[in-house]
Amino acid sequence: MFGREISRYTLIFMLFSPAFFLSGSNFLPTSFSMTTFMAAYGFWMLYQSSSTPLSALSPNESNNEAIYSVFLSATSVFMGWPFVIVLVIPIALNLMIRNGFLKVFMWALLPVIAVFIPMILIDYQYYGKWVIAIYNIIAYNFTSNHSGGSQLYGIEDWPFYFINAFINYNIVFLFSLLTIPLLIIFRKWSGSLKNLTMVSIIYTLCPYYIWFGFMTYLPHKEERFLFVIYPFIALAGSISFYIGLNILNAIILKIGGGDSDIKKKKKNDDFKLKRKQQQHYNVNIYHGLVNLLKYLIIICFILLSVSRIYSTYVNYTAPFNTLTHLNNNVLLNGNISISKFSNNNNNNNNILKSNNNNNKKSINICIGKEWHRYPSNFFLPNDNNEIEFNLKFIESDFKGHLPKPFSALPNGTAIIPTNMNDQNKQEFDRYIKPNECSYIIDFDSPTQKEEHYVNDTSNWKVIYSTKFLDAAASASSLYRAFWIPKLSNQNNVYNNYYILEKI
């Protein structure tokens, strides 16, 4: 739709972007919605292109692209993140204008039958009642049946998404902010984009600007909320980059003249001919410099992106490394018996009686203030015939609402948990005492308000430690966000992330 050159830039920007490094590897609804929504818009763009004389698609193939787009858009809403329904509106309106409401409605029935209805049936099987989960999350965030809403979980000022988008897309994000003004002011030099109407281009990019503006307006902000528009930032930035290069080339031709100017001169005017030849030679040099600038900008983007990715790896992987070590080297991926475990650890203090009224023993892995960095239970072993491996919370300075496990009964997912609230209030039944823990996963910072368990050597011993960025103690946000050799190490402060074993 936008031409090969813009497509190549978009691919490069997505391939090296820290945004895709982060969002593509996360097991989150927003990641799923980003992927399906990107595919939906891709098929819709192919459908849009089918109306041009250069299209290789037959009418039947064109209809298939539209159907795929509708199916993936609906799947993104049903199975991913329901709020992206806002971004489906441009596709829906365009298809209804071109094909009529009834036809699009029939296309939409396919994902309802193939995706939505099976979801409802599966939810009924697990919850024991009819539930529309996507409605519940929308109702909680946008109705007045409760006080508070998403802002109970933290609010940020308006620059939050601008900062996050910049560190994840660096100069490409800056380009993307200029796309619409460049299209309007420099339409003459928009190259292959002149084959498209201004309305169609803006219409394609509008999900980016609508979503970014809407999310900036909302008080509760999280980086993952931007995932769904990451592909659009790459596309918008590529369009600006392409137009900017065209403008530079046009200025060079305007100043230096072109081949047609040479032919207009009289052949016997040697002086003027030589001058024009020199100008033509200079123009070629300038064009070469523009190409050099193009590659330098791309290299700059890649270097900044790699710097951001490496900074994320160095500064923030300690929780993953710690839990991986616990699972693989201490708990042996669950392939361990009580006797063998006791022999390996020289004591039985970290093996406790299970609370689930069975004959199993329990190993409690506890976290306090690090609850929000715990990645998932995939990092803990599955229970075996003798031992249960449980994640438990110990009280910290955080006074909000913590998760609660499902009941261990066969119909546990259908039992409504006790002591739940929608006000982000602390529930004390989430906690156990530190002496009930087999292990504690903790990041020890000199400024923390919680107990320094690592100093309690009469009850705990360190069996693993690794460095983790202490963001509060590191003054420069630049050296935290991007890895700059020597300077980042000099300016960032690191403290230890521990596995503490009960003595």
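Up top you'll find the structure we're talking about.
Residues numbered from 1 in each chain as written. Predicted model: local features only at pLDDT ≥ 70, side-chain atom pairs only at ≥ 80, totals over all residues. Heavy atoms only, no water.

(A) Examining the overall build of the protein chain more closely. Broken down by element type, the protein chain carries 17 helices and 6 strands. Sorting the 503 residues of the protein chain into buried and exposed places 43% on the buried side. Of the contacts formed within the protein chain by residues at least 6 apart in sequence, a portion of 77% connects residues at least 24 apart. With the model as given, the accessible surface of the protein chain reaches about 27200 Å², and the carbon-plus-sulfur share is 61%. (Helix = DSSP H or I, 4+ residues; strand = E, 2+ residues; numbered from the N terminus. Buried < 20%, exposed > 50% of the residue type's maximum accessible area, 1.4 Å probe, protein only. Contact = heavy atoms within 4.5 Å. Areas by Shrake-Rupley, 256 points an atom, 1.4 Å probe, with all protein chains shown as cover.)

(B) Main features of a nonpolar patch on the surface. Together, Ile-85, Val-86, Ile-89, Leu-93, Ile-97 and Ile-210 line one region of the surface with nonpolar side chains, adding up to about 550 Å² of accessible area. If one sorts the elements of the nonpolar patch by residue count, helix α5 (residues 85–99) sits on top with 5 residues. (Patch = residues over 30% accessible without salt bridge, like charges linked within 9 Å, V, L, I, M, F, W, Y side chains within 5 Å. Salt bridge = Lys/Arg side-chain N within 4 Å of Asp/Glu carboxyl O.)

(C) Expanded view of the environment of Leu-72. If you trace the backbone, Leu-72 turns up in helix α4 (residues 59–80). Taking the C-alpha atoms as reference points, Leu-72 and Phe-43, 29 residues apart in sequence, are found 9.2 Å from one another. Residues within four places of Leu-72 in sequence aside, it is in contact with Thr-36, Ala-39, Ala-40 and Phe-43.

(D) Structural detail: the packing of α5 against helix α6 (residues 101–127). Between α5 and α6, the shortest axis-to-axis distance is 7 Å and the interhelical angle comes to 125°. As far as their axial angle goes, α6 and α5 are oblique. Along its contact with α5, which presents Leu-95, Met-96 and Asn-99, the element α6 presents Phe-101, Lys-103, Val-104 and Trp-107. (Axes fitted to C-alpha atoms, helices over the stretch in contact; angles between N-to-C directions. Parallel < 35°, antiparallel > 145°, perpendicular 65-115°, else oblique.)

(E) Representation of the pairing of strand β4 (residues 439–443) within the structure. Within β4, 5 of the 5 residues are buried, leaving the element largely enclosed by the surrounding structure. Burial of the side chains of β4 extends over both faces: Tyr-439, Ile-441 and Phe-443 are buried on one face and Ile-440 and Asp-442 on the other. Across 3 bridges, strand β2 (residues 361–367) lies against β4 in parallel orientation. Residue pairing for β4: Ile-365 is matched across the bridge by Tyr-439. As paired elements, β4 and strand β6 (residues 494–502) share 5 bridges and run antiparallel to each other. Directly across from Phe-443, in β6, lies its bridge partner Tyr-497. (Pairing = 2+ DSSP bridges.)

(F) Structural context of the packing of aromatic side chains. The full count for this structure, using the stated rule, is 38 aromatic pairs. Relative to Phe-379, the ring of Phe-320 lies with its centre 5.8 Å away and its plane at 55°, an arrangement referred to as tilted. A residue pair is termed long-range when its members are at least 10 positions apart, and Phe-320 in helix α14 (residues 318–330) and Phe-379 in the loop between β2 and β3 (387–393) qualify at 59 residues. Residue classification places Phe-320 among the partly exposed residues on the basis of a relative accessible area of 37%. Ring pairing ties together the aromatic residues Trp-158, Phe-160, Tyr-161, Phe-162, Phe-173, Tyr-208, Tyr-209 and Phe-212, which thus form one cluster. Residue placement shows Lys-294 over the ring face of Tyr-295; its charged tip is 4.9 Å from the ring centre. (Phe/Tyr/Trp six-rings, centres within 6.5 Å; stacked < 30°, edge-to-face > 60°. Lys NZ or Arg CZ within 6 Å of the ring centre and 35° of its normal.)

(G) Geometry of the side chain of Ser-305. Mapped onto the secondary structure, Ser-305 falls in helix α13 (residues 270–316). Beyond its immediate sequence surroundings of up to four residues, Ser-305 is in contact with Phe-16, Ser-17, Pro-18 and Asn-170.

(H) Quick peek at the pattern of salt bridges. This structure, assessed with the given rule, holds 8 salt bridges. Salt-bridge contacts for Arg-373 lead to Glu-370; the nearest nitrogen and oxygen are separated by 2.8 Å. The exposure class of Glu-370 is buried, given its relative accessible area of 2%. Across the pair Asp-429 and Lys-404 runs a salt bridge, and its minimum N-O distance is 3.1 Å.

(I) Layout of the state of the cysteines. The final tally for this structure, using the stated rule, is 1 disulfide. Two residues share a disulfide in this structure: Cys-366 and Cys-437, whose sulfurs sit 2.1 Å from each other. As the torsion about the S-S bond is roughly -100°, the Cys-366-Cys-437 disulfide counts as left-handed. Of this pair, Cys-366 sits in strand β2 while Cys-437 sits in the loop between β3 and β4; the two residues are 71 residues apart in sequence, bridging distant segments of the chain. Side by side, Cys-366 and Cys-437 carry an identical accessibility label, which is buried. (Disulfide = S-S within 2.5 Å.)

(J) Structural context of the nonpolar core. By size, the foremost hydrophobic cluster in this structure holds 69 residues, and its most contacted members are Phe-2, Tyr-169, Leu-193, Ile-229, Tyr-230 and Ile-239. When residues in this core are grouped by element, the largest group, 13 residues, is from helix α11 (residues 230–256). Dropping the residues within four chain positions of it, Leu-193 is found in contact with Phe-2, Ile-6, Leu-183, Arg-187, Ile-201, Ile-239, Tyr-242 and Ile-243. With 23 residues, the next largest nonpolar core counts Val-330, Ile-336, Phe-393 and Ile-499 among its residues. (Core = buried A, V, L, I, M, F, W, Y, C linked by side-chain atoms within 4.5 Å.)

(K) The arrangement of the environment of Ile-298 in detail. Note that Ile-298 resides in helix α13. For the pair Ile-298 and Phe-13, spaced 285 residues apart in sequence, the C-alpha to C-alpha distance is 8.4 Å. Look past the residues within four positions of Ile-298 in its chain and what remains in contact with it is Tyr-9, Ile-12 and Phe-241.

(L) Expanded view of helix α1 (residues 4–16). When the terminal C-alpha atoms of α1 are compared, their 18 Å separation across 13 residues agrees well with the 18 Å that a helix rising 1.5 Å per residue should span. Of all the residues in α1, the buried ones are Ile-6, Tyr-9, Thr-10, Phe-13 and Met-14. Viewed along the axis of α1, the buried residues span an arc of 130°, placing them on a single side of the element. The outward face of α1, more than 90 degrees from its buried face, is lined by the exposed residues Arg-4, Leu-11 and Leu-15. (Expected span 1.5 Å × (residues − 1). Arc of directions from axis to C-beta.)

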